[in-house]
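Read off the chains here:
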Amino acid sequence: SPLPSRLEEQGISDVEGQIRWRWNRETAVRPEYFTYFETVFPTGERNSLIGTSDWQFKLGSGRVKGYSWGTVTARAAVEYDAGSKAFGAGEIALEYLKRVSDQVRFFVMLEGTEDEWELVPEIQLRFGRYGYLKVGSGFGITSKATDIAPEVGFMFTLNRFD
């Protein structure tokens, strides 16, 4: 085969930001609904193995409901890829969040599109009043998904309701 026996590449992977708008507050009988806009910034060269080579935008909506055993979020989006000028169905996700203490939260998400699905467990550690350090990894559960994708990130909230 003309392909090398091993493919490797180094660098920054995806860098993204998201803004959410809460339409209502959750009550004992009614879930919360929200809309979000997400941007993935270009960080990679064309045809590179990691990073994103052009802008990507997602517009989605979701539902959040808290229970005594944790909080469940379901969301779906449409997306636009500026590189391929493609507009279509975006990701679908089911998320679970459990607060272990005031400083530590456990999160797990099943997220994907069509034939590319991954499971993403992570630990979220609070720093300050509005910030979290998120450490986890994505594990591909379909053949087209990346096998393992370590993730480290920061999350900031403008309003703290938890």
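What counts as what
- Residues numbered from 1 in each chain as written.
- Predicted model: local features only at pLDDT ≥ 70, side-chain atom pairs only at ≥ 80, totals over all residues.
- Heavy atoms only, no water.
- Helix = DSSP H or I, 4+ residues; strand = E, 2+ residues; numbered from the N terminus.
- Buried < 20%, exposed > 50% of the residue type's maximum accessible area, 1.4 Å probe, protein only.
- Contact = heavy atoms within 4.5 Å.
- Areas by Shrake-Rupley, 256 points an atom, 1.4 Å probe, with all protein chains shown as cover.
- Pairing = 2+ DSSP bridges.
- Axes fitted to C-alpha atoms, helices over the stretch in contact; angles between N-to-C directions.

Caption draft 1: Examining the overall build of the chain more closely. Within the chain, the regular secondary structure consists of 0 helices and 9 strands. Burial statistics for the chain: of 162 residues in total, 25% are counted as buried. Considering only residue pairs separated by 6 or more positions, the chain has 35% of its internal contacts joining residues 24 or more positions apart. Element-wise, carbon and sulfur atoms account for 59% of the exposed surface of the chain, whose accessible area totals about 11100 Å².

Caption draft 2: The arrangement of the pairing of strand β5 (residues 86-99) in detail. Across 10 bridges, the pairing between strand β4 (residues 70-81) and β5 is antiparallel. Considered in β5, the bridge of Glu 79 is made with Gly 88. Here β4 hands over to β5 after 4 residues, with Lys 85 in that stretch at a positive phi of 55°. Examined bridge by bridge, β5 and strand β6 (residues 104-113) share 8 bridges and lie antiparallel to one another. Paired with Tyr 96 across the two strands is Val 108, which belongs to β6. Between β5 and the antiparallel strand that follows it, β6, lie 4 residues.

Caption draft 3: Fine view of the sheet that holds strand β2 (residues 32-41). Taking strand neighbours across the sheet as the criterion, the 9 strands line up as β1-β2-β3-β4-β5-β6-β7-β8-β9 in an open arrangement whose pairing is antiparallel. The two strands at the open ends of the sheet, each matched to only one other strand, are β1 (15-22) and β9 (148-156). With strand direction ignored, the average angle separating the axes of adjacent strands in the sheet is 20°. Judged from the 8 bridges that link them, strand β7 (residues 116-127) and strand β8 (residues 131-140) form a sheet pairing that is antiparallel.

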